[in-house]
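Close look at the chain arrangement
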Amino acid sequence: MRAALLAAALLLAGCARGSAEPGVTLRFWAMGREGEVVQELVDEFEQAHPGLRVVVQQIPWGAAHEKLLTAYVGRSTPDLAQLGNTWVSEFAALNAIAPLDDRIEASAEIAPDSFFPGIWDTNVIDGTTYGVPWYVDTRVLFYRSDLLAEAGYDSVPGTWDGWREAMEAIRRIGGPERYPIFLPTNEYTPWIVFGLAAGSPLLRERDTRGAFGGPAYRRAAAFYLDLFRRGLAPAVQGASIANLYQEFERGTIAMYITGPWNLGEFRRRLSPAMQSSWSTSPLPGPDGVESGVSTAGGSSLVLFRGSRHPEEAWRLIEFLSTAEAQARFFRLTGDLPAHRAAWRDTALTSDPHLRTFEAQLTRVVSTPKIPEWEQISLK
């Protein structure tokens, strides 16, 4: 019923705006599983726009960045594509993607304030908007709620000092072979998250140098390193723990900063008896929960300058950006919606773990919006 109503509404909207140019074919590149699943939504879009065909090309995430750059150099870019939002600045600098401010201003479907502010900001480069958020990603704290309760806490404290004290309490009841938190030494995300929370810009001198010697980042680094010095986190790489979920259930580790993909893994890999003993929390901050920011990740929809059918491509972006379409996309993929109204869908409101992500998404910050960020993040 939901799909039929959505298709009917889109059909009426398409008629009101005029039918698509006969015989138009749009090329849409999407990555990974999203490229498989989005076809179901595209079928509805095509039904609502007779004469318009969309060819979806699925690209593996590992090859996506290189393929997009190759297509740009060869002048064979698609009409529109899914773009990791940390890539937006790079393709904007190449002049490969079109600015969207005029289209957004005239749109009845897309309004910036309908999206999480920090996520929307990842698409704004030097005051110009180049993408529309499609789905979002961020990091929160997964933790053993039973161990925290045993240590005398009914929730994760909101400040770094309080959080560290709670970890100390967990360590006292767990013993030396157990660690309150796992911070793999080969993962850079905690360094970024803590730095952003402390107010560090991460880069300085017009984004040409690291800002790691500044007081804000030094405060974050001091907190991070202190967790290892106090024995609250094991100084090992991620691969040193063969089965994270097993060790989490055993109580070897009690907390882990990770993303929404692990919700399904925790439900599948932890025993039924453990399902009531873990929870999620927004990240604490240096000065309280409001300063506990996280990364603004996810993917956006962009329109390439080389598109021969920009009006039709924009219609598809508008359709995929509606709350209804994004709620359906969540049900199909598990990808978290960027449109805030989509979070009123019962599939999201009924899950307390997902509500944690919604709360955290109101406090996310973009990593530096520079063309070289993809290279930096891979070093």
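Up top is the structure.
Residues numbered from 1 in each chain as written. Predicted model: local features only at pLDDT ≥ 70, side-chain atom pairs only at ≥ 80, totals over all residues. Heavy atoms only, no water.

1. Comments concerning the nonpolar core
- In terms of nonpolar packing, the biggest core is built from 60 residues, with Phe28, Val38, Val54 and Leu320 touching the most fellow members.
- The next biggest cluster of nonpolar side chains, apart from the first, holds 38 residues, and it includes Val193, Tyr217, Ala221 and Ala254. (Core = buried A, V, L, I, M, F, W, Y, C linked by side-chain atoms within 4.5 Å. Buried < 20%, exposed > 50% of the residue type's maximum accessible area, 1.4 Å probe, protein only.)

2. What about the pattern of salt bridges?
- Within the structure shown, the criterion is met by 20 salt bridges.
- Arginine 164 serves as the salt-bridge partner of aspartate 226, at 3.7 Å between the closest nitrogen and oxygen. Note that aspartate 226 is positioned in helix H10 (residues 215-229) and arginine 164 in helix H8 (residues 160-174), a separation of 62 residues in sequence. Of the two residues, aspartate 226 and arginine 164, neither departs from the other in class, the shared state being buried.
- Linking arginine 268 and glutamate 265 is a salt bridge whose minimum nitrogen-to-oxygen distance equals 2.4 Å. (Salt bridge = Lys/Arg side-chain N within 4 Å of Asp/Glu carboxyl O. Helix = DSSP H or I, 4+ residues; strand = E, 2+ residues; numbered from the N terminus.)

3. Notes on the pairing of strand E7 (residues 140-144)
- Here E7 lies mainly inside the structure; 5 of its 5 residues are buried.
- With 4 bridges connecting them, E7 and strand E11 (residues 278-281) associate as antiparallel partners. Its bridge partner being in E11, leucine 141 is matched across the sheet by serine 281. (Pairing = 2+ DSSP bridges.)

4. Looking at the sheet that holds strand E14 (residues 336-337)
- In space, the 6 strands of this open sheet follow the order E2-E1-E3-E13-E6-E14, with mixed pairing throughout. Every interior strand has two partners, whereas the edge strands, strand E2 (52-59) and E14, have only one.
- Inspection of the sheet shows strand E3 (residues 80-84) paired to strand E13 (residues 297-303) by 5 bridges, in the antiparallel sense. Each residue of the ladder has a partner; that of alanine 81, found in E13, is valine 302.
- Contacting strand E6 (132-137) and E14, helix H14 (residues 323-333) runs over the sheet at an angle of about 35° to E6. (Contact = heavy atoms within 4.5 Å. Axes fitted to C-alpha atoms, helices over the stretch in contact; angles between N-to-C directions.)

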